[in-house]
Amino acid sequence: MVKPFKLNIFFLINFFILLLYSSFFQSILAETELTALMDIKSSLDPDNKILKTWLNDGDPCTGSFVGVACNDHRKIANISLQGRGLTGKLSPAIGELKSLSGLYLHYNSISGEIPAEVGELTELTDLYLNVNNFTGIIPPEISHMTNLQVLDLCCNRLTGNIPAQLDSLSKLGSLSLQYNQLDGSIPPSLGSLHVLKRLDLSYNFLSGPIPATIANIQQLHILDVRNNSLSGAIPASLKRLDTGFLYGNNTKLCGAGFLSLRACTALDNSNVDFNSPRPFDLIFKNHTTPKHDEPKNASFQTKCSSTNCSKSTKFPQIVIVVGVITASVTIAVAGFLTFFRYRRQKQKIGTMVEASESRFSTDHAIDLQSKSASPLVSLAYSTGWDPLADGLNSGDLSQEALQSFRFNLEEVESATQYFSEANMLGRGNFSTVYKGVLRDGSVVAVKSISVNSCQSEEAEFVKGLNLLVSLRHENLVSLRGFCCSRGRGECFFIYDFAPKGNLLKYLDVNEGSDLVLEWSIRVNIINGIAKGLCYLHEKNDNKPSVVHQNMSAEKIVIDNQYNPLILDSGLRKILADDTIFSALKVSAAMGYLAPEYITTGRFTEKSDVYAFGVLVLHILSGKQQLTNAMRSAAESSKLEDFVDQNLNGKFSVTEASKLVRLALNCTHELPDERPYMEAVIQELNKRNSGS
Ligand SMILES: Nc1ncnc2c1ncn2[C@@H]1O[C@H](COP(=O)(O)OP(=O)(O)OP(=O)(O)O)[C@@H](O)[C@H]1O
């Protein structure tokens, strides 16, 4: 009877001691993390201008340290300091924050090398160091971060090779290394990143072939290798990526069935051998990866190697007993102190959370508990308006499709550097457009529309959204997603950015300017606009006929290959009527408004055709304003007077006269006399086959 009782007491004491030990070590760990934070602060922000709230005697887990968030165990889990103007260096002390799951330092001016110690952050899922001034190599130790899902090092000044060891990052979904100075070849080992969806290596100095192993990654849907010095045959299976595979400006690449590439010769094919993993990749991997655990293990082992540990057993037992008692008393005191401090802090946090819940803030948007993958999709809306979450009919789109289009406000804010004036591309009647860079490095245009300009009926608005996300064509600018914020009173639409600007930029330019578009490009642009508009007008099982209502030179942007992309397709469906009317004045002043609109007040496919005709006349003449003299020159086929003088007669007369005739048909006074876009396409194709 007595023995079990004694045993229970013994276990209770042990349990109590263990508890004290663990809280003691927790408090030591918290101190280590605070010391690391202070070290990081002095290195990142040497002038103490930005991280003033990081205090030596402060508590990083109360929300008072700007950009720092802790997890449930009071460990630093997130550092979000994107776009804060940091100019220092990243301290190796970062490796001390072992529970860090997100490190967001993008859009700053941080210089120096990426410390190898980042490799010690084995819990990290998101590492965003893009758009900074980092130099040196990509530390191969990054390959130890086995939980990493997003690695964005874009837009720095990194040099050296892409470490072959990155293949250890088995959870990596997005790897962005574009706009650096990386050289060497693309490691075939990257092909073992099975869940990789996006790989951007563009704008570097990479050479050699595109490894076939990469083409075999099943989940890959974007591979961008533009502007490198790659050579050899492109693996044929990359065709499945369609427009997701970007390879321009690699003059030595070849392959059948890839637009603008020459067919391969026997010489090119001799490169194929390089596509399979090469022995030196394996050698490199096995021998040059510094094993980051080694020093730790090594020092641990010297303190407690098998010999030393066995020696300790020879200590007299009395010494052990005295030692344990002294340690227990010390730990008990420390434990109680820690416990009371912890309780006090918990109470403090509770009050702070209550107070901050009613406050609008974008800084604490990161819900650590629910955080799962890239912040692109996993963060909650920080300001709480999500028109799709109100139980409204989401139309024909699946929830999955809708989710893939939803952005969070924090992402939009950081992409546009908090909607900075410097990033503003244009401001219209009801919207403002900003250039931005997403965390994955892709450049976007963000159109912000005031909620007051949108349909007041949410159901109608959601219907409009459905249409917007369903429109897909190579000549429509691609919608990446949207986000609505009740707090800001705005909705944001995120589109792919077209780097060559809008068509207006190429009108009324001086002779000899770089902006004078050569004839073949003008024809390509006219064809592209016609195809995009024809797609909008056509009605099928998947989409209704859509009238654009606002075609103009400002609504056509040009991509890198000089393909035209139509802006704002379907946007009218989410806008309130009075917003549309206010935009009409501009359209009318520029001559794009069909004459019948004045009497009918309605937009039809034929009013779009009219605007298309005006656009064709603008492109052929190179002029924004068409005078009567120009129109009569066009009507009487005096091409030398009508076609842009900047071309110095370098154009096809047959092609020009057919295009002028087509444009005049499209701008006929009577809508019934104008062709439908389908007929326009037929006419353009006839011309193409005839020329
Ligand atoms: N996806 C894009 N890629 C490149 N530039 C773009 C893109 N979207 C918009 N822009 C630029 O921003 C300018 C303004 O865009 P847009 O005309 O759609 O908006 P806005 O000026 O706010 O006018 P509106 O009131 O008609 O919407 C465009 O003319 C173009 O130069």
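Values in this document were obtained by computation on a predicted structure and should not be read as measured data.

Student: Any details on the overall build of the chain? Residues and values, ideally.
Tutor: When helices and strands are tallied, the chain shows 19 helices and 23 strands. Of the contacts formed within the chain by residues at least 6 apart in sequence, a portion of 59% connects residues at least 24 apart.

Student: Kindly report on the UniProt feature "binding site: ATP" (unreviewed entry) in the chain, identifying the contributing residues and their values.
Tutor: If you check UniProt for "binding site: ATP" (unreviewed entry), the listed places come out as Lys 447 in our numbering. For Lys 447, the location among the structural elements is in strand E19 (residues 443-450). Residue contacts for Lys 447: discarding those within four places in its chain leaves Ser 431, Val 433, Phe 492, Phe 493 and Tyr 495.

Student: Can you explain helix H15 (residues 605-621)? Please cite residues and give values.
Tutor: Between its terminal C-alpha atoms H15 stretches 25 Å, which fits the 24 Å expected from 17 residues at 1.5 Å a residue. Of all 17 residues in H15, 17 are buried; the element is thus mostly enclosed. Of the residues trailing H15, Gly 622 is marked for its positive phi of about 75°.

Student: Which residues make up the site of the ligand, and what values do they have?
Tutor: Around the ligand sit 21 residues in total, of which Leu 425, Gly 426, Gly 428, Ala 445 and Asn 502 are the nearest. At the level of secondary structure, the elements contributing two or more residues to the shell around the ligand comprise strand E17 (424-427) and strand E18 (431-437). Looking at side-chain class alone, the shell around the ligand contains 11 nonpolar, seven polar and three charged residues.

Student: An account of the confidence of the model for the chain is requested, with residue identities and associated values reported.
Tutor: Looking at the chain as a whole, the pLDDT averages 77, with 73% of positions reaching at least 70. Throughout residues 1-5 the model reports pLDDT below 50, and contacts reaching past four residues in sequence, or to other chains, amount to zero contacts. Interface scoring of the predicted complex returns ipTM 0.97; its pTM is 0.51.

Student: Account for the environment of Pro 187, with residues named and values stated.
Tutor: Among the secondary structure elements, Pro 187 is positioned in the loop between strand E10 (181-185) and strand E11 (198-200). Separated by 21 residues in the primary sequence, Pro 187 and Gly 208 place their C-alpha atoms 9.9 Å from one another.

Student: Requested: an account of the sheet that holds strand E4 (residues 111-113), with residues and values cited.
Tutor: Taking strand neighbours across the sheet as the criterion, the seven strands line up as E4-E6-E8-E10-E12-E14-E16 in an open arrangement whose pairing is parallel. In the strand order of this sheet, the two ends are held by E4 and strand E16 (252-254), each with one partner. For this sheet, the mean inter-axis angle between neighbouring strands, taken without regard to orientation, is 20°. Strand direction decides the pairing type here: E4 and strand E6 (residues 133-136), joined by three bridges, are parallel. Along E6, the bridge assignment pairs Glu 113 with Thr 135.

Student: Describe helix H11 (residues 458-470), naming the residues involved and giving the relevant values.
Tutor: It helps to recall that an α-helix has 3.6 residues per turn; residues three or four apart then point in one direction. Given a rise of 1.5 Å per residue, 13 residues ought to cover 18 Å, and the 18 Å separating the end C-alpha atoms of H11 matches this to within 8%. Looking at H11, one finds that the buried residues are Phe 461, Val 462, Gly 464, Leu 465, Asn 466 and Val 469.

Student: Can you tell me about the packing of H15 against helix H18 (residues 653-666), naming the residues and giving the values?
Tutor: Running from N to C, H15 and H18 point in directions that differ by 145°, and their axes come no closer than 7 Å. Crossing angle aside, the handedness with which H15 passes H18 is left-handed. The segment H15 lies against H18, with Val 609, Tyr 610, Phe 612, Gly 613, Val 616, Leu 617 and Leu 620 engaging Ala 656, Leu 659, Val 660, Leu 662, Ala 663 and Cys 666. Taken together, the residues of the contact of H15 with H18 sort by class into 12 nonpolar, one polar and no charged.

Conventions adopted
Residues numbered from 1 in each chain as written. Predicted model: local features only at pLDDT ≥ 70, side-chain atom pairs only at ≥ 80, totals over all residues. Helix = DSSP H or I, 4+ residues; strand = E, 2+ residues; numbered from the N terminus. Contact = placed C-beta atoms within 7 Å. UniProt positions renumbered as here; feature names shortened; annotations may be inferred. Expected span 1.5 Å × (residues − 1). Buried ≥ 20, exposed ≤ 12 C-beta atoms within 10 Å, placed from the backbone. Near = placed C-beta within 6 Å. Nonpolar A, V, L, I, M, F, W, Y, C, P; charged D, E, K, R; others polar. pLDDT = per-residue confidence, 0-100. Pairing = 2+ DSSP bridges. Axes fitted to C-alpha atoms, helices over the stretch in contact; angles between N-to-C directions. Left-handed = near helix turned anticlockwise from the far one by under 90°.

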